[in-house]
Structure formats: C-alpha cells, structure tokens
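Summary of structural features
Each chain, letter by letter, is given below.
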Amino acid sequence: MKVVNLKQAILQAWKERWSDYQWAINMKKFFPKGATWDILNLAEALLEQAMIGPSPNPLILSYLKYAISSQMVSYSTVLTAISKFDDFSRDLCIQALLDIMDMFCDRLSCHGKAEECIGLCRALLSALHWLLRCTTASAERFREGLEMGATTGEKQLTMCLQRLNKLLSSTKNRALLHIAKLEEASSWTAIEQSLLKLGETFASLSNCHLQNQAEECGTLIRSIPIMLSMHSEQLHKTGFPTVHAVVLLEGTMNLTGEMQPLVEQLMMVKRMQRIPSPLFVLEIWKACFVGLIESPEGTEELKWTAFTFLKIPQVLVKLKKYPQGDKDFTEDVNCAFEFLLKLTPLLDKADQRCNTADREHAPWLKSAENANIQPNPGLILRAEPTVTNILKTMDADHSKSPEGLLGVLGHMLSGKSLDLLLAAAAATGKLKSFARKFISLNEFTKHINAENSKAASVRALLFDISFLMLCHVAQTYGSEVILSESSTVGEVPFFETWMQTCMPEEGKILNPDHPCFRPDSTKVESLVALLNNSSEMKLVQMKWQEACLSISAAILEILNAWENGVLAFESIQKITDNIKGKVCSLAVCAVAWLVAHVRMLGLDEREKSLQMIRQLVGPLYSENTLQFYNERVVIMSSILEHMCADVLQQTATQIKFPTTGMDTMPYWNLLPPKRPIKEVLTGIFAEVLEKGWVDSRSIHVFDTLLHMGGVYWFCNNLVKELLKETRKEYTLRAVELLYSIFCLDMQQVTLILLGHILPNLLTDSAKWHSLMDPPGTALAKLAVWCALSSYSSHKGQASSRQKKRHREDIEDYISLFPLDDTQPSKLMRLLSSNEDDANVLSSPTDRSMSSSLSASQLHTVNMRDPLNRVLANLFLLISSILGARTAGPHTQFVQWFMEECVDCLEQGSRGSILQFMPFTTVSLGAEVGDGRSGALCCPLGCYPTF
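Description of the structure in this document. Just so it is clear, the model here is predicted, and its values are computed rather than measured.

In this section: the nonpolar core. Phe-495, Trp-498, Val-588, Phe-714, Phe-742, Leu-779 and Phe-897 are the most contacted members of the largest nonpolar core, which has 226 residues in total. Examining the composition of this core, we find that 15 residues originate from one element, helix 24 (residues 453–477), more than from any other. Beyond its immediate stretch of four places on either side in the chain, Val-588 contacts Phe-467, Leu-468, Cys-471, Trp-498, Met-636, Ile-639, Leu-640 and Met-643.

Our next topic: helix 35 (residues 728–742). The terminal C-alpha atoms of helix 35 lie 21 Å apart, and with 15 residues this matches the ideal 21 Å at 1.5 Å per residue to within 8%. Most of helix 35 sits out of view: 12 of its 15 residues are buried. Along helix 35, the positions that sit buried rather than exposed are Tyr-730, Thr-731, Arg-733, Ala-734, Val-735, Glu-736, Leu-737, Leu-738, Tyr-739, Ser-740, Ile-741 and Phe-742.

Inspection of every chain in the model, using the stated rule, returns 24 salt bridges. The closest approach of N and O atoms between Arg-90 and Asp-87, which form a salt bridge, is 3.8 Å. Counted as one network, the salt bridges with shared partners bring together Asp-99, Asp-102, Arg-163 and Lys-166.

The next thing to look at is the packing of aromatic side chains. How two aromatic rings sit relative to each other is set out by the distance from centre to centre and by the angle between their planes. Per the counting criterion, the structure on display carries 18 aromatic pairs. Look at Tyr-739 and Trp-785: their rings are 6.0 Å apart centre to centre, the planes differ by 85 degrees, and that puts the pair in the edge-to-face class. Here Tyr-739, found in helix 35, pairs with Trp-785, found in helix 37 (residues 775–793); they are 46 residues apart in sequence, far enough to count as distant. Pair check on accessibility: Tyr-739 and Trp-785 agree, each one buried. The aromatic ring of Trp-562 is capped on one face by Lys-608, whose charged end is 5.3 Å from the ring centroid. Positioned above the aromatic ring of Tyr-730 is the side chain of Arg-727, whose terminal nitrogen or guanidinium carbon lies 3.7 Å from the ring centre.

Looking now at helix 13 (residues 241–253). Relative to the 18 Å expected for 13 residues at 1.5 Å per residue, helix 13 spans 18 Å between its end C-alpha atoms, a close match to the ideal helical length. Most of helix 13 sits inside the fold, with 13 of its 13 residues counted as buried.

On to the environment of Glu-557, then. Take Glu-557: it is sitting in helix 27 (residues 544–563). Take Glu-557: its relative accessible area is 46%, and that puts it in the partly exposed class. Separated by 32 residues in sequence, Glu-557 and Glu-525 place their C-alpha atoms 8.8 Å apart. With near-sequence residues (within four places) excluded, Glu-557 lies in contact with Val-524 and Val-528.

Attention now goes to the environment of Ser-479. With respect to the helices and strands, the residue Ser-479 is situated in the loop between helix 24 and helix 25 (494–502). A relative accessible area of 15% places Ser-479 in the buried class. Along the sequence, Ser-479 and Glu-505 sit 26 residues apart, while their C-alpha atoms lie 9.0 Å from each other. In this structure Ser-479 touches Ala-474, Met-499 and Glu-505, once residues within four positions along its chain are discounted. At 3.3 Å, the side chain of Ser-479 forms a polar contact with the side chain of Glu-505.

The rules behind the values
- Residues numbered from 1 in each chain as written.
- Predicted model: local features only at pLDDT ≥ 70, side-chain atom pairs only at ≥ 80, totals over all residues.
- Heavy atoms only, no water.
- Core = buried A, V, L, I, M, F, W, Y, C linked by side-chain atoms within 4.5 Å.
- Buried < 20%, exposed > 50% of the residue type's maximum accessible area, 1.4 Å probe, protein only.
- Helix = DSSP H or I, 4+ residues; strand = E, 2+ residues; numbered from the N terminus.
- Contact = heavy atoms within 4.5 Å.
- Expected span 1.5 Å × (residues − 1).
- Salt bridge = Lys/Arg side-chain N within 4 Å of Asp/Glu carboxyl O.
- Phe/Tyr/Trp six-rings, centres within 6.5 Å; stacked < 30°, edge-to-face > 60°.
- Lys NZ or Arg CZ within 6 Å of the ring centre and 35° of its normal.
- Polar contact = N/O pair within 3.5 Å; in protein donor to acceptor, adjacent residues only side chain to side chain.

This is the structure:
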C-alpha cells in the first residue's frame, strides 16, 4: 500500500506543481517513519513517472535531483533505476538520465552496512552495462543515419562516450567495478559481450575520433580484472622513499656531516626494507638529482652539486666495503647506472641546472644575482684541489708575507668563488679545517708591532675578511663547524667567544644587557669619541677585537644621545659611515647588538634602533675605502640579512637590503601565516603521503614544525595520522616516510615514541582499537625501525643538524624510569591496576626491571642511558601484556612488534634491542600462543639464539 501511496503522492505533487523543497517537506509528512526511501524504491518511482511521455517530465526530474542532493535516496538505487530504462531511441530521455549520472558518478560513496557497499558496486556494474548498451545503440543509429546521408545520433553517441570515459577514468570507480566482478561473474560476462558488440559496431564507423574514444573506454574496462596485479607491479616500481628522503635530508641539512653515520644509516634502511643493491644505488642517485633540481638557485645549488659529485662517490666507496653476499657491488653499481640512463626526463632536468647553454633558455634560472655562476660539476671538481692548496697557503707563517695572503683571500671573495670553495670543502670534510685556519688568522691580527699605515691596512683587512668569512660559514653550515673540540685546552679564540655570546641565530635569543655587551667603560668612551669626532676610522695600532666587543656599548651610548636630542641625524649618519667605512666587521657586531636590543623594546620605542640598522646595512659610497670593499660589503649584507630576519618578522618591519649578488635566504619563512601549526603538519604530511616521497621544501617545513612544536607534539600528531590510515599500501608508504621524517632528530623521537606514545596506546583500553591491522602493523614496524636505528647509532656523535636545534626539556628520563627499583616509575604506575578491572593491564610485583633482566644483561647494559632504560621498560610492558588476562588488539600489536624485531635482526650486529627482553617473556608468549583462542603464536621461538 505504501508503494501505491508513493505513486499517488508523486502525481499529486505534479498536479499541484509543488517546488522541489515543498515536495520533500510534504513527502516526509506523508511518510513520517518506518521504511526508508530506498526500500520504497523512491528513485525508481520518480524515474518511472518522469519518463512516461516522449520527453522527460522536468518537474518530476527536479524532485529526483533534489532527493539525490539531499541524500534521501542512495546512489545505488538511482543507478539501478537508470539501468532499467531501455528505450534508447528517446534521445531527450537518455540525455536527462546521463545528466543525472553526471551529478555523482565522480564522487560515489556509501554510508551504512557492508551489504549496502556491495550493493553500490553491483549498481555501478549495472550502470556500466546500461551505458555500453546505450552507446552501442547510439552508434548503430549514427551508422544508419550516415548510410541515409544524415548525421542523426552523433550528439547522443558523443554524450554516451563522454559519460563512459568519465565513469571509467576514476580509479576508485574501476576498483568498485572490480569488486562487483568478483561478486557477480555472470554480470561481468554480459559486460564483456557488450564490449565485443561495441567494438564490432565502431569498426564499421569511419569517424576516427569516436573510434579512439571508444577504444580508450574499452582499454579501461579490460584493465579492471587485472587491477590488483597491475597495482602490485606498480608498487614494486615506485622506488624507495626512505632512501630518497634520507639522502635529501643529508644533502639539504647536513652537508658537513661525517660520511660514516650516513653510510650506516643507509645500510640499515637497505637491510630493514630488503632493498636490492642495484635499486638501492639507483635511489641514491635519483635523490641527488632531484635535490639538485629542487634546490633554490645560488648557494644551495652549489651545495647540492658538491654533495652529488664529491660526497656521494665517497659514500659509494664506503658502501662497497660492506658484505654484499655473493654479488659484486661493482656489478650492482653498473646495473644501477643502466637504470639511471633510462630516466631521461630526470637527467634532462638535472642537466639544465648544470649547463650554461640550457640555462639561457630557462629565465627563471638566470637571475641577475646568480648570472655569474651555475652548479657546474666541473667547477666543483676543480674547486676541491683548490681548497687543499688554500689550506696549505694558510699554514704558512702569516707574518712573513701578509700581503701575499691578502691577495689569495681577495681572489676567494670575488664572484661566487667563496661559496664554491666552501661547498667543496664541506662535501669533502675539510670545512672544519678551513674554519680553524681562519680562526688562527683572526687571532694573528691581535699581534701589533710597530706598524705603518700600509701594514695597519693589511692587518685590518685580514681581520675583517677572516671575521666575515667565519660569520658566513656559521650561517651557511652551522655554528658547530666553527667551534673548537671540547678537549682543546688554552684560551678560547675571540671569534668563538663572540659567536657564542653575541651572534644572533635562528631560535637563539640574546640578552642585550649580557656582560658580553658591557666591556670596559674607558674603551667604550674612547670608541664613541673616535666614531663621533673623527672623519674616518683610524687603523694604526687599532685593536679590532676590542673594538668589536666595545661597539655594542658604544651604540647604546649613541642611541641614548640621539633619543635625548644630544645628537642630530646627520651625526648618526657620520657615525654609521665610520663604523662600516673601513672594517665591515664593526657593522656586523653593531647590528648583532641592535637586533637583541630591538627585541626588548616596546612598539613605540623601536624606531631609532631600526633606523640605525637601516643606516648600517647599506654600503658606503666613498673612494676612501680599503681594498676589496665591494666584495666585503656583499658578504656583510648577506650576514646582516640573516641576522635581522627573525626580528624583522616579529616586529613586522621591512628593511631593504642592497642587491649584492648573494642569495636570498633559502627555505625561510615557509609556514603560512595565521594557520595553526597542527593543520600545517597534517596538511604537509597528507601531501607527501599522496606523492609518495618527501621533497626538500617539505623537509624544511617538517624541521621548522619540529622546532616550534617540540618532539612530543611532533611525534604524537604524526603517529595519530598514521593510525587514521586504513589503506594497507598507504600505511606501508607512511611508515617509510615517517621513518625518514623522524631522522630529523631520531634519538629524541625514539625516546618519545617508545617511552610515551606506545605505553599510552598499550595501556589504555579505549585506544586498543586503533592498533588493529593495517595501522597497528605499520606502527609496530615504525617503532622497531626507530628503535634499531637509535640503538645502533646512539653511542656516536649527534649530527650537526641535531646539534643546531636548541633542545627543550623533553623529559627527565631518570625520573621517568628511576634507577632505584623501590621507587615506582611512571611506566610502572601505568602498569599497576585494580585487580577487578579486566580491561587494564596488571603488573606482577615480582617483575621489576632488575628481577626481569638477567644478571648478564644488567652487567653489560648501561641502565643510566635514557634509550636503554626506555627499551628495558618497553619490554617490561610487553611482558606484562603477554601475562595479562585480557587479549586484544594490543596483544596482537605486541606480536607484530616482536616479529619485526626478529625479521630485522642482523647476524653479527653490535647487540640487538631484544637483549632487553626479560626471560619471562618467552614462556608468557608461549602461553598466549597455546592458550588464547589459537589466533596468536609465540614469535619468540628463536630467543635462545639472541
């Protein structure tokens, strides 16, 4: 009766000319509760009434469109209703049905039970069959019309082909059709027969364009049965994003790092992911060329070229020394090279970045600032021996021929020679030696004998050039390159002291009232008098180190005098000209203090300090300057731009730095304004997950977010994103990408992941559902990879990129996991529970850390090390889970974790993380395998071999 009433309601709506929304309101009044609209076949009833006449009823069609848009009817019932219409001669009706399909066929979805999802697949298959029949009928009418000299049917045929192509071009739709094929083999047979008939019909047509469209649709339909095999083959060919990202990370952020840690990390990735050697080497080369192609123009290009052509060959030499089984590594490299030669578009792009002639046709690679240099491999290779020669020259006695040394330094400053030489030195591990030579040269200028004006000029220039070069190196490659070894005894060099206490860096807040900015008052007074009264800076007997330390207090005196009206702006101009006129280092030291000072001022107090910075950043246009002044100003302006970047952004101030030929700051200010950093993090991760690889810009965004949000925030939110993913191939890709992203600070991320995030997930029953397969398997794999990487490398030195980050206090791991076992640790409190609560893990009192580990384990493992303690407590938690009364996804997670540990175990390695596993875990694991539903088996049968 309800069906009868439904048709009567539709007719009443048509007679009374209800609008679409009035119709929907009245329908809900007529049928308030009970069966759904799909059960009542609303879509079919509407179509049946709309298609009674020779043309469709527009009013009733508007009701159907409203029902689709408001989700009164499901997509599956609409598709099923359309597929029942078989009068293909009624062009207007067919056009209306095709338009309805257009509303949703590119965004098919289904909400409800699994049966309804399968119903959508079947309905889509019926719709495909209908479309094929409709297209064939239209083609036959078109052919008959041509025979009679008419062109009837062409419009409808074109429309059918377009809708067919649109439906099939979606991978998602083809996947749904694949499911339907598996469900209904007989229906798929009908599809194949219709496809054959379509091909025969189009073969008799002379229209090539329509034939090509039909062939494309046929190809897509024929690809549906082999989708899974094609997809797995494609996955096999897509490369290895972890290797790619590790190489990109090293080339972008750690050019000065030692080679051995990179080699060991790459080998660990190769073993953990079981990457064949030829594809492993190929991925390294691909990452190098991609890094070069992506790099910002200028210095970053030079750094990438040096990394690719100087550092990576040495890395390959070291990789050759690792055992490769029965295969010859040289053969693997040759095989990888053959693969590389087939990647023509990649090689063409890289060649364009390195080839002068090609850059002429690429205006975006030929800015005025960088027109005099390109990342030519030949230049980089020639720069390497030049670095060695310069180091030998710098070893000579400076006092014997300071003018000759000055000539060498002057040549280094010209054009891009300095950046070229620094890149070559960084890639070959000689940059620290380079920096030490300039430290020594800077210290040499302290020694003042009886000197004439020429000797004083040479000494001033040697001080200035060495100071500027050291600042430039510190900003480009990190301040840790400059610092002496901790074991070095004796007086700390002047530049090291100034850099650590006075030089602004990203994330470093300076106190303008620090004692380092408040030297001897008499020296300050004499410097103020010299700057204010002299027509130019004196050089003879000038102690430049003292002047650099005194300039901050002198600037404060001058600022106070200016603000109180004692000095006019003309006097300030004269003073700033004196500061930057001879020795650019004084301007650098002055701006370094002004940057710290501006941070502490209120909004209405900054104007004069910022004006003084503006006066200092520009060059002095005068003939009475020292040698190489223009070259020194280029470096000075670059240094000052880097120094001022943070404070100018924070104070919303603009200062125009002169166009000097140096690069603009690469990878600066990457985060979008006024957007929460969590949104940025999830957005950028979604982008790299979809692409399947991490690019250089994304690496810098992730690094910035890690620095801003902290390690726990960063790691926790990315793990949440991993646990949201339900597509198996995407979870595996996410693990590879997350591991490479975590390499930004692997040690600290591992401590957070194993010491905080995993215990919280494993001990909270409300979160156990998130540990199911596939995200649970993926997280277990990620945790093991991070644990193995950190454990194998944590005895070594932290990389330069990790030293650069100013650490926040993440956690006091000794208090988290106290050494005294009578003290309950946080983890043990998580494990303790009310015995009556079956959903919370229990902790046997006899399973403390010292009693769970064997005597040999306690003697050989340093339990004061944070990573060791985190690992020991994690395995203690695993033991507790295996001994608990409740099995669930968390128990399955433990099995996956242990299986991954065993899979990644390397024979002859320097100890395994499995050594932290209590002996009790073996028997408990066996109990779980034998006594809990038969679903789990003990993964620890090989434990005695560890």
